[in-house]
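Spelled out, the chains give:
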Amino acid sequence: MRILLVASAFNSLTQRVFVELRDRGHRPAVHLMVGDEPLREAVRQHRPELIVAPMLKAAVPRDVWSAYTCLIVHPGPLGDRGPSALDWAIHEGADRWGVTVLQADEPMDAGDVWAHAECDLPRVGKSDLYRGEIADAALRAVLLAVRRFASGTYVPRPQHGPGWDVPDHTRPYLDQRVRRIDWALDPTATVLRKLRAADSQPGVLDQLFGAEWYLHGGHPESELLGKPGELLATRAGALCRATVDGAVWIPQLRPRRRPGGPATFKLPATLALGDLLPLLPELPPLPSLPTAPRRPAAADQHQEQGSWTDIDYQEAGPVGFLRFSFPGGAMSTEQCRRLLEAYRHALTRPTSVLVLGGGRDFFSNGIHLNVIEAAADPAAESWANISAMDDLVSQLLITTDRLVVSAVGGNAAAGGAMLALAADEIWCREGVVLNPHYRLMGLHGSEYWTYTLPRRVGAAAAERLTRRALPVSSASAQQLGLVDRVIPAAPGEFGREVARFAALLAAGPGLQGRIAAKKLGRERDEAIKPLDAYRTEELALMRHNFFDPDEPYHALRSAFVRKQPVRATPPHLTGVGEPN
């Protein structure tokens, strides 16, 4: 079918719906809703058989939904209505939730139901859930609704009348008066719910040192204690803050926007505070705790039983697991260097298989555009960041004494997708969306992609992926050769499944032969064209992107970081219904 996806942004869920529909033979096109008239024009141009809105903040005009079947994806169970559905669920500690696909009507969220799906709500942040359990449930519901519509016989269920026995649960926008943390009264569990319900947007408005900040993200701390509200320590750019019965780690801060001032953006907490921390006379120097364990832990040891960190190394017999989780998947210069240090430590361990990643959210999205934007010299910081990424990727590529597996449990894009390609095998969770391209940020890209991407998919496919700049599903990636294994698992089960497959790989009879062949292959490729040559060629173009004032990268980065709304649907998303 010709399906028009209408969305406020081409976000993770919209991308997921797009790639899954394409995989099933449909012809989706995308329209970003920036006004009523452009939507009407898009409808006239595409003549869709069905309109689906995966993520829409504005209402579809009456003349559109009255002429076409418009399916709205609402991130709440049957009967739930309102703009902050998932926020309320996390804020109130719900264990189960759901997604409902309903027909656009008046009032909002009150249209006939075409499908719904339920899901668990583990204790993680809203954006993590949105890309994980909520996205999985949304896909089940959307695909069911599309099949029902295509049948031509299904009658959607009205949310009224004798056949409807679900109570109406309409809730308002969850504002900062409800989100506010009372550090003198709120226990850790309450603080974490408030932080996690606002982790990506809008954050929790709070005060630090006489200024207003939005707090983003929250992780429990089980060892440090202090006076409620007191800052206790720093680690990996995050702040540890005491609650009445424990403490929490807050990875990111965003200053409140001043009236008439420029849009603000999230930064690692200690970077956001800048030079303020050591200059405050009332605040004793905060200890900076180690950013990664110095000794390997058992692979079944759960991180939240101890102290949070963004890099964690564990072992299970001959398999090492180097897990990392950076907010938003972005990797700053400092984060790249710390991960490289942890990787080099992992190489000193007596393992034959090393798994990189395996977490439930983003694998990586490449260089840290927010940190770059905040730098005194963004071009110089861009250069330092891509050089640090290249150092990390290079170390993976020259590892020849064991097999390396990239375990991609969450989405990956740009340099983060290319980081995964440096491993010997790539295992993806079913439902992961990959964006192996850089063009939309005005960059040529590095991370040795000109070596690794054609080696996996061929020169023609590599050119098409990077030129068209469209997302790819895990299933399509496997067909292309971009991914070796797709693991059907819930987000919280992916790591366990990865460990099981890694143990089988390490115990396989052909392991040592593969390691020997890998070493010979690397020597052969190095003789044909050294890795340094790929890096030099890529960085020559990246230097031009970074330092030429006429290049679009800096304007594109600034708009992305500040979440400036687009004025029109990007051309690469319009009319892209042809198959890969």
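Residues numbered from 1 in each chain as written. Predicted model: local features only at pLDDT ≥ 70, side-chain atom pairs only at ≥ 80, totals over all residues. Heavy atoms only, no water.

Asks: Help me get a handle on the overall build of the chain, residues and values and all.
Replies: Helix and strand counts for the chain stand at 21 helices and 28 strands. Compactness check: the chain gives a C-alpha radius of gyration of 24 Å against a globular reference of 25 Å for 580 residues, within 12% of the reference. Expressed as lengths along the three principal axes of its C-alpha atoms, the size of the chain is roughly 65 × 60 × 50 Å. Partitioning the contacts of the chain with sequence separation of at least 6, the portion at a separation of at least 24 is 69%. Split by element, the accessible area of the chain, about 24,700 Å² in all, is 54% carbon and sulfur. (Helix = DSSP H or I, 4+ residues; strand = E, 2+ residues; numbered from the N terminus. Rg over C-alpha atoms; globule rule 2.2 N^0.38 Å. Contact = heavy atoms within 4.5 Å. Areas by Shrake-Rupley, 256 points an atom, 1.4 Å probe, with all protein chains shown as cover.)

Asks: Provide a residue-level description of unusual backbone geometry, including the pertinent values.
Replies: Residues Glu 106 and Pro 107 are joined by a peptide bond in cis, for which omega reads -5°. On the secondary structure map, Pro 107 appears in the loop between β6 (96-103) and β7 (113-120). Backbone torsion omega between Gln 201 and Pro 202 reads 0°, so that peptide bond is classified as cis. For Pro 202, the position within the fold is in the loop between α8 (188-196) and β9 (204-208). The phi torsion at Asp 109 lies on the positive side, around 70°, for a residue other than glycine.

Asks: Before we move on, can you summarise the pairing of strand β4 (residues 70-74) with the specific residues and values?
Replies: The buried fraction of β4 is high, at 5 of 5 residues. Relative to β4, strand β3 (residues 50-53) is paired through 3 bridges, and the arrangement is parallel. Paired with Ala 53 across the bridge in β4 is Ile 72. The pairing of β4 with β6 spans 4 bridges and is antiparallel. Pairing of Leu 71 across the sheet is with Gln 103, part of β6. (Buried < 20%, exposed > 50% of the residue type's maximum accessible area, 1.4 Å probe, protein only. Pairing = 2+ DSSP bridges.)

Asks: Before we move on, can you summarise the environment of Pro 220 with the specific residues and values?
Replies: Along the chain, Pro 220 turns up in strand β11 (residues 219-221). In this structure Pro 220 comes out as buried when scored by relative accessible area, which is 16%. Separated by 87 residues in the primary sequence, Pro 220 and Ser 307 have C-alpha atoms spaced 7.5 Å apart.

Asks: Quick rundown of the packing of helix α15 (residues 449-457) against helix α16 (residues 459-468)? Include the residues and the values.
Replies: The N-to-C vectors of α15 and α16 enclose an angle of 120°; their axes lie 7 Å apart at closest approach. By the criterion of interaxial angle, the relationship of α15 to α16 is oblique. Considering how the two elements wind past one another, α15 and α16 form a crossing that is right-handed. Counting all contacts with α15, which are made through Trp 449, Leu 453, Pro 454 and Val 457, the residues of α16 involved are Ala 459, Ala 461, Ala 462, Leu 465 and Thr 466. Across the contact of α15 with α16, the residue classes break down as 8 nonpolar, 1 polar and no charged. (Axes fitted to C-alpha atoms, helices over the stretch in contact; angles between N-to-C directions. Parallel < 35°, antiparallel > 145°, perpendicular 65-115°, else oblique. Left-handed = near helix turned anticlockwise from the far one by under 90°. Nonpolar A, V, L, I, M, F, W, Y, C, P; charged D, E, K, R; others polar.)

Asks: Account for the environment of Gly 508, naming residues and giving values.
Replies: By the element assignment, Gly 508 lies in the loop between α18 (494-507) and α19 (511-528). For Gly 508, a relative accessible area of 24% translates into the label partly exposed. Between the C-alpha atoms of Gly 508 and Pro 107, which are 401 residues apart in sequence, the distance is 59 Å.

Asks: Hey, could you go over the packing of aromatic side chains for me, with residue numbers and the actual values?
Replies: With the rule as written, the count across this model stands at 11 aromatic pairs. When the ring of Phe 10 is compared with that of Phe 18, the centres are 5.9 Å apart and the planes differ by 80°; the resulting orientation is edge-to-face. Taking relative accessible area as the criterion, Phe 18 reaches 0% and is therefore assigned buried. Among the aromatic residues, ring-to-ring pairing joins Trp 114, Phe 149 and Tyr 154 into one connected group. Positioned over the ring face of Tyr 534 is Lys 529, at 4.3 Å from the centre of the ring. (Phe/Tyr/Trp six-rings, centres within 6.5 Å; stacked < 30°, edge-to-face > 60°. Lys NZ or Arg CZ within 6 Å of the ring centre and 35° of its normal.)

Asks: Describe in detail the pattern of salt bridges, supporting the description with residues and values.
Replies: Side chains that differ in sign of charge can pair as their charged atoms come close. Enumeration over the complete set of coordinates arrives at 41 salt bridges. Taking the shortest distance from any N to any O, the salt bridge between Asp 424 and Lys 518 comes out at 2.6 Å. Of this pair, Asp 424 sits in the loop between α14 (414-421) and β25 (425-429) while Lys 518 sits in helix α19, and the two are 94 residues apart along the sequence. When its relative accessible area of 15% is taken as the criterion, Lys 518 is described as buried. Note that Glu 526 and Arg 522 form a salt bridge whose closest N and O atoms lie 2.6 Å from each other. Highlighted residues: Glu 526 and Arg 522, both in helix α19, separated by 4 residues, approximately one helical turn. For Glu 526, a relative accessible area of 32% translates into the label partly exposed. Residues joined in a network through salt bridges with shared partners are Arg 16, Glu 20, Arg 24, Asp 136 and Arg 429. (Salt bridge = Lys/Arg side-chain N within 4 Å of Asp/Glu carboxyl O.)

Asks: Go over the pairing of strand β15 (residues 252-255), please, and point to the residues and values.
Replies: Judged from the 4 bridges that link them, strand β10 (residues 211-216) and β15 form a sheet pairing that is antiparallel. Counterpart to Trp 213 in the pairing with β15 is Pro 255. Alignment of β15 against strand β16 (residues 267-268), held across 2 bridges, turns out to be antiparallel. By the bridge assignment for β16, Leu 253 is matched with Leu 267.

Asks: Break down the nonpolar core for me, citing the residues and quoting the values.
Replies: Residues Leu 253, Leu 322, Val 408, Leu 434 and Leu 453 are the most contacted members of the largest nonpolar core, which totals 84 residues. The element contributing the most residues to this core is helix α13 (residues 378-397), with 7 residues. Membership of the second largest hydrophobic core comes to 46 residues, among which are Leu 13, Val 19, Ala 85 and Ala 138. (Core = buried A, V, L, I, M, F, W, Y, C linked by side-chain atoms within 4.5 Å.)

Asks: If you had to explain the sheet that holds strand β27 (residues 472-473) to someone new, which residues and values would you point to?
Replies: An order of β24-β26-β27 is seen for the 3 strands of this open sheet, with the pairing classed as mixed. Edge strands, defined here as strands with exactly one partner in the open sheet, are β24 (412-413) and β27. One ladder, built from 2 bridges, connects β24 with strand β26 (residues 433-435); its direction is parallel. Its bridge partner lying in β26, Ala 413 is registered against Asn 435. Packed onto the sheet, helix α1 (residues 12-23) meets β26 and β27 and runs at close to 100° relative to β26.

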